[in-house]
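Fold and geometry: a report
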Amino acid sequence: QVQLVESGGGSVQPGGSLRLSCAASGRIFSINPMGWYREVPGKQRELVAIITSSTNYADSVKGRFTISRDNAKNTVYLQMNSLKPEDTAVYYCKAQQRGRDYWGKGTLVTVSS
């Protein structure tokens, strides 16, 4: 019903930046909220940032990451600055519509020297 496609992942050095995008398609009526999660092998997927009428961030990314959305494009973004090796993970986009959750397939972000 709703498909989410992430893009923008890649490999960067510590201190670098990336911008992730997540575009929603399909039967779009009203998606809210949208957010970003990340997952490291062996660990549970964790919330990075969400956006509704306001934004909320995990403590580990506050001051470095910024989430935003373009409702006209049904797209949510995650601007990631001052990246650290511990930010390395698969980042997933999540959206909720009419009480149902939708997930993207993820995009890999690798931060290393």
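Described in the following lines is the structure provided in the data block. (Residues numbered from 1 in each chain as written. Predicted model: local features only at pLDDT ≥ 70, side-chain atom pairs only at ≥ 80, totals over all residues. Heavy atoms only, no water.)

Considering all chains together, one arrives at six salt bridges under this definition. Notably, a salt bridge pairs Arg38 with Glu46, separated by 2.9 Å at the nearest N-O pair. Its salt-bridge partner being Asp59, residue Lys62 comes within 3.2 Å of it at the nearest N-O pair. Look at Lys62 and you get partly exposed, because its relative accessible area is 48%. In the salt-bridge network here, residues are joined through shared partners; they are Arg38, Glu46, Arg64 and Asp87. (Salt bridge = Lys/Arg side-chain N within 4 Å of Asp/Glu carboxyl O. Buried < 20%, exposed > 50% of the residue type's maximum accessible area, 1.4 Å probe, protein only.)

Here we take up the pairing of strand 11 (residues 107-111). Here strand 11 shows a buried face lined by Thr107, Val109 and Val111 and an unburied face lined by Leu108 and Thr110. Of the strand pairs in this sheet, strand 9 (residues 89-97) and strand 11 are connected by three bridges, and their pairing is antiparallel. What sits directly across from Tyr91, in strand 11, is Thr107. (Helix = DSSP H or I, 4+ residues; strand = E, 2+ residues; numbered from the N terminus. Pairing = 2+ DSSP bridges.)

Now for unusual backbone geometry. In this model, Asn74 sits at a positive phi of 50 degrees, which is unusual for a non-glycine residue. Position of Asn74 among the secondary structure elements: in the loop between strand 7 (65-70) and strand 8 (75-80). For Asn74, a relative accessible area of 26% translates into the label partly exposed. Its identity is not glycine, yet Arg98 carries a phi of approximately 55 degrees, on the positive side. Structurally, the position occupied by Arg98 is in the loop between strand 9 and strand 10 (100-103). Its relative accessible area of 65% is what places Arg98 among the exposed residues.

Turning our eyes to something else, we now look at the packing of aromatic side chains. Within the structure shown, the criterion is met by one aromatic pair. Geometry around Phe29 places Arg98 over its ring, the cationic atom sitting 4.1 Å from the centre. (Phe/Tyr/Trp six-rings, centres within 6.5 Å; stacked < 30°, edge-to-face > 60°. Lys NZ or Arg CZ within 6 Å of the ring centre and 35° of its normal.)

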